[in-house]
Amino acid sequence: MGDDVVAQGVDPARATLLEAGGTNAVGRMLGLLGDEWTLLILQHSMWGLRRYGQFMAAIPISNAVLTSRLALLTREGLFDRHVYQHNPPRAEYRPTARSRSLWTVLLAIWDWERQWVPEHAQRLPVMRHAACGADFAPVVGCAACGEAVALRDVGAEWGPSGSWERSVPAAATRRRSEVEGGGVQSGMFPDTMAIFGNRWSSALIGAAFRGVSRFSEFEASLGAPPTLIADRLRVFQAIGVLQPVDNLGRSDWMQYRLTAKGRAFFPVVLLTLQWADRWYHAPEGPALAMTHRACGAALTAVLQCDQCERQLAGADVVVADDHPDPLMAGSEHIDAAAIEDVLMEHPDVREVAVIGAPADPAGETPVAFVVGADGLTVEALMEFVATRLPPARRPTVVELIDSLPRTSVGKVLKRDLRAPYWAGHDRSTT
Ligand SMILES: [Zn+2]
Ligand SMILES: [Zn+2]
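Owing to the predicted nature of the structure, the values given are computational and were not obtained by experimental measurement.

S.K.: Help me out: how do you make sense of the overall build of the protein in this one?
M.R.: When its secondary structure is counted, the protein shows 17 helices and 15 strands. If you take every contact in the protein between residues at least 6 apart in sequence, the share linking residues at least 24 apart comes to 69%. Surface exposure of the protein reaches about 20,000 Å², of which carbon and sulfur atoms provide 50%.

S.K.: Honestly, the confidence of the model for the protein in this entry has me stumped. Any pointers?
M.R.: Any segment with low pLDDT has predicted coordinates that should not be analysed in fine detail. Considering every residue of the protein, the mean pLDDT works out to 83; 84% of them sit at 70 or more. The low-confidence segment residues 1-8, where pLDDT is below 50, has 21 contacts with residues more than four positions distant or belonging to other chains. Counted against residues more than four places away or in other chains, residues 322-332, with its pLDDT under 50, gives 31 contacts.

S.K.: What am I meant to see in unusual backbone geometry here?
M.R.: With the exception of glycine, the majority of residues adopt a negative phi angle, and the majority of peptide bonds are in the trans configuration. The residue after Asn87, namely Pro88, is reached through a cis peptide bond having omega -5°. Mapped onto the fold, Pro88 is located in the loop between strand S2 (79-86) and strand S3 (89-95).

S.K.: Where do I start with the coordination of the zinc ion (ligand 1) in this structure?
M.R.: Each pair of donors in an ideal four-coordinate tetrahedral metal site encloses 109.5 degrees, whereas pairs in an ideal six-coordinate octahedral site enclose 90 or 180 degrees. Every protein donor of the zinc ion (ligand 1) is accounted for by Cys142 (SG), Cys145 (SG), His292 (ND1) and Cys295 (SG), and the metal-donor separations fall at 2.0 to 2.4 Å. Metal-centred angles of 101 to 118° between the four donor atoms at the zinc ion (ligand 1) mark the site as tetrahedral. One chain supplies every donor to the zinc ion (ligand 1), and in sequence these donors are spaced C-x2-C-x146-H-x2-C.

S.K.: What is the right way to read the coordination of the zinc ion (ligand 2) from this model?
M.R.: Around the zinc ion (ligand 2), the protein contributes the donor atoms His129 (ND1), Cys132 (SG), Cys305 (SG) and Cys308 (SG), at 2.0 to 2.4 Å from the metal centre. Classification of the site at the zinc ion (ligand 2) as tetrahedral follows from its four donor atoms and the range of 104 to 120° in their angles at the metal. When the donors of the zinc ion (ligand 2) are listed by position in the chain, the intervening gaps give H-x2-C-x172-C-x2-C. With a gap of 176 residues between them, His129 in strand S4 (residues 127-129) and Cys305 in strand S11 (residues 301-305) connect regions that are remote in the sequence. Exposure remark for Cys305: the relative accessible area of 2% places this residue in the buried category.

S.K.: Could you clarify how one ought to interpret helix H10 (residues 199-209) in this entry?
M.R.: Helical periodicity: at 3.6 residues per turn, an α-helix aligns residues three or four positions apart in one direction. In terms of residue burial, H10 counts as a mostly covered element, since ten of its eleven residues are buried. Within the span of H10, buried status applies to Arg199, Trp200, Ser201, Ser202, Ala203, Leu204, Ile205, Ala207, Ala208 and Phe209. Once H10 finishes, Gly211 follows within two positions and takes phi at roughly 100°, a positive value.

S.K.: Can you help me understand the nonpolar core in this one?
M.R.: Considering soluble globular proteins, one finds that nonpolar side chains tend to be buried as a cluster. Judged by nonpolar contacts, the single largest core of 92 residues is most densely connected at Leu33, Ile41, Leu107, Phe218 and Trp275. Residues within four places of Trp275 in sequence aside, it is in contact with Met29, Leu32, Leu33, Leu78, Arg98, Ser101, Leu102 and Tyr280.

S.K.: Looking at this structure, how should I read helix H4 (residues 63-75)?
M.R.: Over its 13 residues, H4 extends 18 Å from the first C-alpha to the last, a length consistent with the 18 Å expected when each residue adds 1.5 Å. Of all the residues in H4, the buried ones are Val65, Leu66, Thr67, Arg69, Leu70, Ala71, Leu72, Leu73 and Thr74. In the stretch just after H4, Gly77 is the one whose phi turns positive, near 80°.

S.K.: Before we go on, may I ask you to explain the sheet that holds strand S15 (residues 397-400) in this structure?
M.R.: Strands belonging to one sheet form pairs held by backbone hydrogen bonds; the direction of such a pair is parallel or antiparallel. The strand order S13-S14-S15 describes an open sheet built from three strands, whose pairing is mixed. Single-partner strands in this sheet number two, and they are strand S13 (349-359) and S15. Strand-to-strand twist of the sheet, defined as the mean angle between neighbouring strand axes without regard to direction, takes the value 25°. With ten bridges joining them, S13 and strand S14 (residues 363-372) adopt antiparallel strand pairing. When the sheet's bridge partners are listed, Val349 is paired in S14 with Gly372. Sheet strands touched by helix H17 (residues 414-422): S13, S14 and S15. Its angle to S13, the strand with the most contacts, is close to 40°.

S.K.: Looking at this structure, how should I read the environment of Glu19?
M.R.: Relative to the helices and strands, Glu19 resides in the loop between strand S1 (16-17) and helix H1 (25-33). Apart from the residues lying within four places of it in its own chain, the contact partners of Glu19 are Arg166 and Pro283.

S.K.: What is the right way to look at the pairing of S11 in this model?
M.R.: Strand residues, when the strand is regular, have side chains that alternate between the two faces of the sheet. Burial within S11 is extensive, with five of its five residues counted as buried. Residue alternation in S11 divides its side chains into two sets, Ala301, Leu303 and Cys305 and Val302 and Gln304, and both sets are buried. As defined by bridge partners, strand S5 (residues 138-142) adjoins S11 across five bridges and the pair is classed as antiparallel. By the bridge assignment, Val139 is partnered in S11 with Gln304.

S.K.: Which parts of the structure should I look at to understand the packing of H10 against helix H12 (residues 226-238)?
M.R.: Taken N-terminus to C-terminus, the directions of H10 and H12 make an angle of 75°; their axes are 10 Å apart at the nearest point. When the axes of H10 and H12 are compared, the pair comes out roughly perpendicular. Taken together, the residues of H12 that come into contact with H10 (itself represented by Trp200, Ser201, Leu204 and Ile205) are Leu228, Ile229, Arg232, Leu233 and Phe236. Looking at the contact of H10 with H12, its residues break down into seven nonpolar, one polar and one charged.

S.K.: Just to check I follow, could you spell out the pattern of salt bridges for this structure?
M.R.: Side chains bearing opposite charge may pair, as long as their charged atoms lie close to each other. A full pass over the atoms with the stated rule returns 14 salt bridges. As a salt-bridge pair, Asp135 and Arg128 come within 3.1 Å of each other at their nearest N and O atoms. Residues Glu284 and Arg166 are paired through a salt bridge, measuring 3.2 Å at the closest nitrogen-oxygen approach. Of the two residues, Glu284 sits in the loop between strand S9 (280-281) and strand S10 (288-292) while Arg166 sits in helix H7 (residues 164-167), which places them 118 residues apart along the sequence.

The rules behind each value
Residues numbered from 1 in each chain as written. Chains lettered and ligands numbered in written order. Predicted model: local features only at pLDDT ≥ 70, side-chain atom pairs only at ≥ 80, totals over all residues. Heavy atoms only, no water. Helix = DSSP H or I, 4+ residues; strand = E, 2+ residues; numbered from the N terminus. Contact = heavy atoms within 4.5 Å. Areas by Shrake-Rupley, 256 points an atom, 1.4 Å probe, with all protein chains shown as cover. pLDDT = per-residue confidence, 0-100. Donors = N, O, S within 2.8 Å, 3.2 Å for Na, K, Ca; no water. Tetrahedral: all angles 85-135°; square planar, octahedral: opposite > 155°, others 65-115°. Buried < 20%, exposed > 50% of the residue type's maximum accessible area, 1.4 Å probe, protein only. Core = buried A, V, L, I, M, F, W, Y, C linked by side-chain atoms within 4.5 Å. Expected span 1.5 Å × (residues − 1). Pairing = 2+ DSSP bridges. Axes fitted to C-alpha atoms, helices over the stretch in contact; angles between N-to-C directions. Parallel < 35°, antiparallel > 145°, perpendicular 65-115°, else oblique. Nonpolar A, V, L, I, M, F, W, Y, C, P; charged D, E, K, R; others polar. Salt bridge = Lys/Arg side-chain N within 4 Å of Asp/Glu carboxyl O.

If you want it as structure tokens, here you go:
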């Protein structure tokens, strides 16, 4: 059964030395992590699960698949198999430095799902930064200059072992074809699984981030059959990560661009590439050379806390699951200033104030009051924010008004804006 796996393989504390001229670090990483079962097992390991029975109870996985993935993760040096009972034999799978260093990737996945995929079948736990005590969101920062890193600031060139051919994902598991297409009903990270949960999808999203946009280019860079490319592109459009542009009537000229949701996935891509570079070494050198254009340094990405701006350490991130449905759109903290900033970017908006209005069961939803030029419509504003804010942060109501209520010194009286929404609610508000 599940505990019969044999421990063998690499020294988990050291990088794996790859064969000269063979699959590079990117291909090895995609082959290993581009698997939804592996990601789910690693996620639950980060949350403290160690034993076969615990994984079995937490993940909707078959005995055969769990057994094969635990063996694989042990062989690849991500788990240390420790026998804690001999009769009958029972083992624990302890995370090694190699798997523990994936915490940044898993945190970035969690944050992206929380921001862009609000309709989860299972509720995501809240993460708290122990150093400052706040519920936080991770921000990608540059270790050299300390500044936040945006996608447009990242330069990426092939390194000595880098090429499309050598980055093609090497299958780490011998899978039957039906497993390749996915179909896991875990509910925890539905869109991440669609993007990253199989090796061709993860390779395709990587190519999109490198600027590949045409169907024929995807086909050529990945060396994958066109039906497979077409299938993945269809999935990526369905979840709103890629959108087609410039259709000239020839399918091989069809272009696909990352949407705002797709671009927001870049921390996951960046951090997985960085993990690959750390743990898989080709004799020729790295597969990718990434730079932070803003400061010119080679990019080492770190995660920072958006609340206290300090660098996050894995041990400081704690699962704080004591909130009532805190991640549902309705109960998310309203960051009124951020929403106001976005609305003010619209050329026809003169003034704006955002408040939190009550939303079931015990949360708030953003309501925006806008003073605008003649002809400005609610629909236009909704459309405007849809491309600039993740779903959970978009105002659910926009009211166009003639002027904002202000005090004698000009301060907006948000209290007056809130009053009609909160009438009859006995919850207090700030
Ligand atoms: Zn920098
Ligand atoms: Zn903090």
